[in-house]
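Structural characterization, general
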Amino acid sequence: MNPLVLLAIAGGAALITSLIRKAKAANNLKYDLKKIQIYKLTVSDLILRVWIDFTNLENTQLVVQQIYLDIYLDFGTAEKPDIQRIGTLNTNAEIIIPALQTVSKSFDITVSYFNLLGTALQMFKSKFTGGAVNFPKKATVKGQIKALGVTIPINYEVPFEG
């Protein structure tokens, strides 16, 4: 058989094997949203910081291409929840996760005070009627992570620290 044909077959097989490994790594990507907290107050904005650990369980490097997360806080009670969307993380920054390793990343979400006006009113609503201010203890995060064309849905609760 022609050596060029053999070389092409070997190269094609190596490429297919590599793609299968990467797809498996993307499907098996583990993530852990550690926490969300108020990071910084500026003159015009509130900046939240989100910490996420990404773990690659496979023996091939993995690249996360996009993270889209909506952050919700519950300003109500267990009996009467009052969930408000306070911000969105949408980043296309590539995150390289080496084989068999965990990478910790933090992301900042800027929320204008104007957009927080309704949320602040929700927090202090019970105070106006003689109750206490409702500070949220946890955040709900919904969205998706994309790695190598694989979309991983996110629906997670994490501690929220003020």
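Look up a bit, the structure's there.
First, a word on what this report is: a plain description of the structure on this page. Remember, predicted model here, so these are calculated numbers, not experimental data.

Counting its secondary structure elements, the chain contains two helices and eight strands. Reading the chain from its N end, one meets helices and strands in the order α-β-β-β-β-β-β-α-β-β. Residue burial in the chain is summarised as follows: out of 162 residues, 34% are buried. Of all intrachain contacts in the chain linking residues separated by at least 6 positions in sequence, the fraction that spans at least 24 positions is 64%. Summed over all atoms, the accessible surface of the chain reaches about 9800 Å², with 57% contributed by carbon and sulfur.

Quick look at the packing of aromatic side chains now. Applying the stated criterion across every chain, the model contains one aromatic pair. One residue, Arg49, lies across the ring of Tyr39, its end atom 3.6 Å from the ring centre. When the ring centre of Tyr72 is taken as origin, the NZ or CZ atom of Lys142, which lies over that ring, is 5.9 Å away.

Glancing now at the nonpolar core. The biggest cluster of nonpolar side chains holds 33 residues, and the ones touching the most others in it are Ile36, Phe54, Val64, Ile67, Leu69 and Ile71. Only β1 (30-41), β2 (45-55), β3 (62-74), β4 (83-91), β5 (95-97), β6 (102-112), β7 (138-147) and β8 (150-161) provide two or more residues apiece to this core. Top element by residues in this core is β3. It accounts for six residues.

What follows concerns the environment of Val150. Within the secondary structure, Val150 is located in strand β8. Judged by relative accessible area, which is 18%, Val150 ranks as buried.

With phi around 55°, Leu100 is a residue other than glycine that occupies positive phi space. Taking the relative accessible area as the measure of exposure, Leu100 reaches 55% and is therefore exposed.

As paired elements, β1 and β2 share 10 bridges and run antiparallel to each other. Paired with Leu41 across the two strands is Leu46, which belongs to β2. Between the antiparallel neighbours β1 and β2 lie three residues.

On inspection of all chains with the given rule, the structure shows three salt bridges. Asp53 is paired through a salt bridge with Lys34; the nearest N and O atoms lie 3.7 Å apart. On the criterion of sequence distance, the pair formed by Asp53 in strand β2 and Lys34 in strand β1 is long-range, its members being 19 residues apart. A relative accessible area of 41% places Lys34 in the partly exposed class. The structure contains a network of salt bridges with shared partners spanning Asp32, Lys34 and Asp53.

How each quantity is defined
- Residues numbered from 1 in each chain as written.
- Predicted model: local features only at pLDDT ≥ 70, side-chain atom pairs only at ≥ 80, totals over all residues.
- Heavy atoms only, no water.
- Helix = DSSP H or I, 4+ residues; strand = E, 2+ residues; numbered from the N terminus.
- Buried < 20%, exposed > 50% of the residue type's maximum accessible area, 1.4 Å probe, protein only.
- Contact = heavy atoms within 4.5 Å.
- Areas by Shrake-Rupley, 256 points an atom, 1.4 Å probe, with all protein chains shown as cover.
- Phe/Tyr/Trp six-rings, centres within 6.5 Å; stacked < 30°, edge-to-face > 60°.
- Lys NZ or Arg CZ within 6 Å of the ring centre and 35° of its normal.
- Core = buried A, V, L, I, M, F, W, Y, C linked by side-chain atoms within 4.5 Å.
- Pairing = 2+ DSSP bridges.
- Salt bridge = Lys/Arg side-chain N within 4 Å of Asp/Glu carboxyl O.

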